[in-house]
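One-letter residues, chain by chain:
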Number of protein chains: 2
Amino acid sequence: MQDLLRVLVMPEPHAPMKWWGWGDPSRGEELPPHVLGFLRSELGVSAEPVPPVRLEDVVLPDAELPEGPRRTLEQAVGEAWVRDDRVTRVTHAAGKGYPDLVRLRAGQASPAPDAVVYPASAAEVRAVLEGCASDRIAVVPFGGGTSVVGGVEPLHDGMGAVISLDLARMGTLEGVDERSLTADFGPGMRGPAVEQALAARNLTLGHFPQSFEYATVGGWVATRSAGQASTGYGSIEKLVCGLRCVTPEGEIELSAIPATAAGPGMRQLLVGSEGVLGVITQATLEVCPQPQERRYEGWTFRSFEEGIEAFRTLEQRGVVPDVARLSDEHETSLSLALAGGDSLARRAGLGYMRVRGYGGGCIVVVGFEGERADTARRSALAGKLLRRAGGLALGSAPGRSWERGRYDGPYLRDALLGHGVMAETLETAHEWSRLLELRRAVCDAISGALDQRGTPGLVMCHVSHLYPSGASLYFTFLAPQERGTELEQWHAVKTAACDAIVRVGGTITHHHAIGRDHVPWMHNEIGELGIEALRSVKQRLDPAGIMNPGKLLPAEAPA
Amino acid sequence: MQDLLRVLVMPEPHAPMKWWGWGDPSRGEELPPHVLGFLRSELGVSAEPVPPVRLEDVVLPDAELPEGPRRTLEQAVGEAWVRDDRVTRVTHAAGKGYPDLVRLRAGQASPAPDAVVYPASAAEVRAVLEGCASDRIAVVPFGGGTSVVGGVEPLHDGMGAVISLDLARMGTLEGVDERSLTADFGPGMRGPAVEQALAARNLTLGHFPQSFEYATVGGWVATRSAGQASTGYGSIEKLVCGLRCVTPEGEIELSAIPATAAGPGMRQLLVGSEGVLGVITQATLEVCPQPQERRYEGWTFRSFEEGIEAFRTLEQRGVVPDVARLSDEHETSLSLALAGGDSLARRAGLGYMRVRGYGGGCIVVVGFEGERADTARRSALAGKLLRRAGGLALGSAPGRSWERGRYDGPYLRDALLGHGVMAETLETAHEWSRLLELRRAVCDAISGALDQRGTPGLVMCHVSHLYPSGASLYFTFLAPQERGTELEQWHAVKTAACDAIVRVGGTITHHHAIGRDHVPWMHNEIGELGIEALRSVKQRLDPAGIMNPGKLLPAEAPA
């Protein structure tokens, strides 16, 4: 009751998120009857949803922040901004990965932070880190809390206590250089706030990950984020011009410059550092004019291979869409099954595709954003190349439908979890010449692992980011949950998929980051000596080892 | 004599370069009479060139490689590939910076490497580094030897001896993935060899720095190089997909992938590492189809400011030339004075500009490369924007003239040095909103320093690389040399220019790298903590401190 009152009387820095799942707590998610029917017949799942436990029934470990360190933190940020009420601790106990949600829905909020601390400035961050370093308290930087790889899990890792450092109060647009088209962002600024502030000046960042509604600028930079339009606008690593990062040993300030040859890429050393080196307290990013027009179009190809070749041609001929998405046969047919029940339009569309020889094909969405004359020109050029590559134009309806649902995935996942469906995604990237082999290997690994658990499921894949030398692959799989051993089931499938990725030489993550879940594959990514190089940087910037322990870097072998 | 014979009977890995200057030893450089006249009247320099001393008169320190370490090196690479003859040591005693050439022309080849070692494979590099680490011998990786910032100066820095590690034998194209448009290069491959090997497959790397004829892939990657067409093709940091780097502690192998979110940017940590962490033994770079057409055009603007605004508009409207160069008023008038004596065409052109109100203006060259339809379209669009921004089209002659002379700068410098002219260049980059202030500050600093030395000179500037958020500025200055104190004179002017750059917040180098000359400004670039972070990486990868000592990182303050 005390807790509840405290929450109610204190200003909230952000609109809240469901503690047990995704998004606005007032938004309910129900599966339409035809979807439920499909899942029942395909996966044999239950019709009756099982709700998460009530917040008051969640098992929460006692907060164990000693009085002295607590006072240090209160001096750093003000008493009101060191919180340990139930809802605050539970909402900072995990990110939004599948294992996180399984745990939370079942009422397990352990590990949880001993307190959540809300700094309002870089100086306050500095004071917090200094205090925590001397008190041996682990610090988990927390932006939107949307990590799907365990990046914000509050692990103690041998420290005396652990706090979440929520950057919500550092969420303002701090400056815009309209001539250079750059803007200075506070790390806690969420996607909608970013776009709203920029739109007032007719600008956009163009960064729209599926987590857009809750994810923050600091989180994007710290996890090397890519968004749905990053084929056009560039992933966050390409947009970073300047950075400020506060570490336990002081601040690194890299001013905003367009390019430099001054030694190793320090900006790129901090981009993707996932809170293990320090806290990003400001980012200067490239922005650009609001597009006059967003033009999204649907196409279909007879096969995934044909679609890949079409995308490769677009990219390598320099006719690059800002949004480019190619679903494989499985994702295409599942989307169609889940999309529209039995509407006339849907049946007519399917009929058209079948008649033209594209039944069982692969849906493509391409989007062009910018000045009207330019989107028209690019769309026409792309159209010519896509048709020549075997594509069939489907008009603007599939594009509009994709755009409408572009942030819905995580809401849908909550509903699926309620019905006992494991819904998980993972992603990689590779050179064009290896993509088909990579897709095959990963799909086979996931299907094989699901079969082995006795829970066969649906596995699908899409391409979502194009580069001159290759593309990303994004995998989604659905399967009936193993009741009681959900996490073991997930772990077996995840491991099989990741092993397959590195076997074919793909990167272990294209935009979800390493976090906790991908740590075992960092050796494959950069080798033992690469890990040692990063460890040496961490040792210098965070000698006490307080920064986001257990993430990004494998634990050192005991001496 | 023994030495000379040895050189003559052993295969040379590369076409040679003048030991005292730039380029083909058989190519003489003479200044045409009108240029000489101009320099005499403007700078008061001598008409009679002073040649460099003869090779046999060069003062060369004794080679001091002890017998044991020498045997280790010979075992690593073969006896024939450990050399210490005079010409080999002198040609590896310095790069091609102004102070290097002043020193060499005067017959001072100290410091010189005690030996030059030519490995043929990554395994041989590994063996050399292991041997040198245990024998405490400094290793200076040497590609084309074209550094203009002292990057290949063989400094002992407290080691027992120093070798140059010449990568000329690792100079082949090791593979091409024509579907992914990537190629694996040996580090010792020079520009012409790169383009020749790629042209056979109708591909290009598109990397054309002024040092193109001699510089190598490994050097480009190690110094974060940008070339004259990098506005279009991207600087080397954007082209790197995969890397192999051998350090004294082992190899880091980063496979070729188009993008990743797996933690800090390891590729970008090695790009720009300037040999202080290890030796780049292979680079996988993006390549692209040979352009059907190269279309270079000349324009003129009434002022540098007007030209900058025109370039900003092009870049931010997405109508980006592959080559973009804007000379300020001083560079423009000097180029015109040096260009064509008194030809009819030149006088007609100048007359046309004057009549149209562009007398004393700024010349622009824009180049478009690619498919014919696309270059025509982009050129037309750019033309519209340039005209609207105040530009006057001059046709293709200025572009062709620039293209013809694009690699001539360093040859010209040799001739100028012969006549007692200090000719030096330096570069920076900044956001669009700060470029005018930056140019003013640097030009004033250089002029002021020259005046203070009693050697007033000519200072000029051009823009040569465009980015959405800013551009590079490249400064050239000419002044009469202070006989006997050439290096003090240079140091005073260089220091004034660099201090001015960092005062306005520009980067200390846009494409020349840090080397030896820019070390004092690394603090301004990445701060003390940034330097400490890099030092910790170096400590881990090169604990004996043998790799290219004295470059990139400031010496640690004595404990």
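See the structure shown above.
Worth saying up front: this structure is predicted, and the values here are computed from it rather than measured.

Participant: Can you walk me through the overall build of chain A in this structure?
Facilitator: Of the regular secondary structure elements, chain A holds 20 helices and 18 strands. Looking at chain A as a whole, 61% of its 559 residues qualify as buried. Accessible surface, chain A as shown: approximately 20000 Å² in total, 52% of it carbon and sulfur. Mean positive and mean negative side-chain charge positions of chain A (55 and 69 charges, respectively) differ by 6 Å.

Participant: Sorry, what's going on with the pattern of salt bridges here?
Facilitator: Close approach of charged atoms lets side chains of opposite charge pair. Inspection of the entire model under this criterion finds 75 salt bridges over all chains. In this structure, Arg540(B) and Glu532(A) form a salt bridge, with 3.0 Å as the shortest nitrogen-oxygen distance. Residue Arg540(B) is located in helix H20 (residues 522-541), and its partner Glu532(A) is located in helix H20 (residues 522-541); the two belong to separate chains. Exposure remark for Glu532(A): the relative accessible area of 17% places this residue in the buried category. For Asp57(B), the salt bridge identified is with Arg54(B), shortest N-O distance 3.2 Å. You can call Arg54(B) exposed: its relative accessible area is 52%. What emerges from the salt-bridge pattern is a single network uniting Asp100(A), Arg103(A), Glu153(A), Arg516(A) and Asp517(A).

Participant: When you look at the side chain of Arg535(A) in this model, what are you seeing that I'm missing?
Facilitator: Residue and element names in this part refer to chain A. Here arginine 535 is to be found in helix H20. Using a relative accessible area of 12% as the deciding quantity, one classes arginine 535 as buried. Apart from the residues within four sequence positions on either side, arginine 535 is in contact with Glu528, Leu553, Pro554, Ala555 and Glu556.

Participant: Help me understand the packing of aromatic side chains, please; the structure alone is not making it clear to me.
Facilitator: Centre-to-centre distance and the angle between the planes together describe a pair of aromatic rings. All names here are of chain A. For the coordinates displayed, the defined rule picks out 10 aromatic pairs over all chains. Ring plane angle 80 degrees and centroid distance 5.6 Å describe the contact between tryptophan 22 and tyrosine 214, whose orientation is recorded as edge-to-face. With a gap of 192 residues between them, tryptophan 22 in the loop between helix H1 (2-9) and helix H2 (33-43) and tyrosine 214 in the loop between strand E7 (203-204) and helix H8 (217-223) connect regions that are remote in the sequence. The buried category is assigned to tyrosine 214, whose relative accessible area is 6%. An aromatic cluster is defined as three or more aromatic residues linked by ring pairs; in this entry it consists of Phe208, Phe212 and Tyr407. Positioned over the ring face of tyrosine 118 is arginine 83, at 5.0 Å from the centre of the ring.

Participant: How should I be thinking about the relation of the copies chain A and chain B in this particular structure?
Facilitator: Superposing the two chain copies requires a rotation about an axis and a translation along that axis. Superposing chain A onto chain B takes a rotation of 180 degrees plus a shift of 0.0 Å along the axis, which leaves an RMSD of 0.0 Å. Here the transformation between the copies is reduced to the relation of a two-fold axis. Residue Ser536(A), judged by its C-alpha, is the member of chain A lying nearest the rotation axis, at 2.8 Å. With an isologous cut-off of 70% or more, the 100% of interface residues of chain A that recur at the interface of chain B puts this contact in the isologous class.

Participant: How should the state of the cysteines be read in this particular structure?
Facilitator: Note: disulfide means a covalent bond formed between the sulfur atoms of two cysteine side chains. Residue and element names in this part refer to chain A. Using the criterion set out here, one finds 0 disulfides over all chains in the structure. Here cysteine 362 is not cross-linked by a disulfide; its sulfur's nearest cysteine counterpart is in cysteine 461, at 9.7 Å. Note on cysteine 362: relative accessible area 0%, which makes it buried. Counting only cysteine sulfurs, cysteine 443 is the nearest neighbor of cysteine 461, a cysteine outside any disulfide, at a range of 5.4 Å. Assessed through its relative accessible area of 0%, cysteine 461 is described here as buried.

Participant: What exactly am I supposed to notice about the packing of helix H18 (residues 435-452) of chain A against helix H19 (residues 486-504) of chain A here?
Facilitator: Axes are the key here: two packed helices are described by the angle between their axes and the distance separating the axes. Residue and element names in this part refer to chain A. Remark: H18 packs on H19, axes separated minimally by 8 Å, with the N-to-C direction vectors making an angle of 160 degrees. Taken together, the axes of H18 and H19 lie roughly antiparallel to each other. The chirality of how H18 crosses H19 is right-handed. Each of Glu437, Leu438, Ala441, Val442, Ala445, Ile446, Ala449 and Leu450 in H18 lies in contact with H19, whose residues at this interface are Ala492, Val493, Ala496, Ala497, Ala500, Ile501 and Val504.

Participant: Sorry if this is basic, but what is going on with the sheet that holds strand E1 (residues 82-83) of chain B here?
Facilitator: Picture the strands of a sheet paired through backbone hydrogen bonds; they go either parallel or antiparallel. Reading across the sheet, the 4 strands line up as E1-E2-E4-E3 (chain B) and stay open at both edges, with mixed pairing between neighbours. This sheet does not close on itself; its edge strands, each paired only once, are E1 and strand E3 (137-142) of chain B.

Participant: Honestly, the environment of Pro33(A) in this entry has me stumped. Any pointers?
Facilitator: Residue and element names in this part refer to chain A. On the secondary structure map, proline 33 appears in helix H2. Given the relative accessible area of 70%, proline 33 is considered exposed. Placed 130 residues apart in sequence, proline 33 and isoleucine 163 show a C-alpha to C-alpha distance of 43 Å.

Participant: For this particular structure, what's the right way to read helix H17 (residues 409-418) of chain A?
Facilitator: Since the α-helix advances by 3.6 residues per turn, residues separated by three or four positions end up pointing in the same direction. Residue and element names in this part refer to chain A. Extensive coverage of H17 is indicated by the burial of 8 of its 10 residues. Those residues of H17 not exposed but buried are Pro410, Tyr411, Arg413, Asp414, Ala415, Leu416, Leu417 and Gly418. Among the structural elements, H2, helix H5 (98-105), strand E16 (421-431) and strand E18 (470-480) are those in contact with the buried residues of H17. With its phi angle positive at about 80 degrees, glycine 420 sits one or two positions after the end of H17.

Participant: Explain the sheet that holds strand E9 (residues 250-254) of chain A here, please?
Facilitator: All names here are of chain A. Strands sit in the order E5-E6-E10-E8-E9 across an open sheet of 5 strands; the sheet is antiparallel. The sheet is open, and its two edges are formed by strand E5 (173-177) and E9, each paired on a single side. Sheet twist, expressed as the mean angle between neighbouring strand axes with direction ignored, is 10 degrees. Examined bridge by bridge, strand E6 (residues 182-185) and strand E10 (residues 279-286) share 4 bridges and lie antiparallel to one another. Paired with alanine 183 across the bridge in E10 is leucine 285. Packing against the sheet, helix H6 (residues 122-135) makes contact with strand E8 (240-247), E9 and E10, and its axis sits at approximately 40 degrees to E8.

Participant: Please explain the packing of helix H2 (residues 33-43) of chain B against helix H13 (residues 329-339) of chain B as it appears in this structure.
Facilitator: Residue and element names in this part refer to chain B. Contact geometry of H2 with H13 gives a least axis separation of 8 Å together with a crossing angle of 135 degrees. When the axes of H2 and H13 are compared, the pair comes out oblique. Two secondary-structure elements touch here, H2 through His34, Val35 and Phe38 and H13 through Leu334, Ala337, Leu338 and Ala339.

Participant: Explain the interface of chain A and chain B to me, please; I cannot follow it from the model alone.
Facilitator: How big an interface is tends to be reported as the loss of accessible area on association of its parts. Facing the 74 residues of chain A at the interface are 74 residues of chain B. Of the roughly 5700 Å² buried at the junction of chain A and chain B (both faces included), carbon and sulfur atoms supply 59%. Taken together, chain A and chain B are joined by 6 salt bridges. The tally of links between chain A and chain B comes to 31 residue pairs in polar contact (both at pLDDT 80 or more).

Conventions we followed
- Residues numbered from 1 in each chain as written.
- Chains lettered and ligands numbered in written order.
- Predicted model: local features only at pLDDT ≥ 70, side-chain atom pairs only at ≥ 80, totals over all residues.
- Heavy atoms only, no water.
- Helix = DSSP H or I, 4+ residues; strand = E, 2+ residues; numbered from the N terminus.
- Buried < 20%, exposed > 50% of the residue type's maximum accessible area, 1.4 Å probe, protein only.
- Areas by Shrake-Rupley, 256 points an atom, 1.4 Å probe, with all protein chains shown as cover.
- Lys, Arg positive; Asp, Glu negative; His and termini not counted.
- Charge placed at Lys NZ, Arg CZ, Asp CG, Glu CD.
- Salt bridge = Lys/Arg side-chain N within 4 Å of Asp/Glu carboxyl O.
- Contact = heavy atoms within 4.5 Å.
- Phe/Tyr/Trp six-rings, centres within 6.5 Å; stacked < 30°, edge-to-face > 60°.
- Lys NZ or Arg CZ within 6 Å of the ring centre and 35° of its normal.
- Least-squares fit on C-alpha atoms with pLDDT ≥ 70 in both.
- Disulfide = S-S within 2.5 Å.
- Axes fitted to C-alpha atoms, helices over the stretch in contact; angles between N-to-C directions.
- Parallel < 35°, antiparallel > 145°, perpendicular 65-115°, else oblique.
- Left-handed = near helix turned anticlockwise from the far one by under 90°.
- Pairing = 2+ DSSP bridges.
- Buried area = accessible area lost by both parts, 1.4 Å probe.
- Polar contact = N/O pair within 3.5 Å; in protein donor to acceptor, adjacent residues only side chain to side chain.

Taken by themselves, the reported measurements are silent on function.
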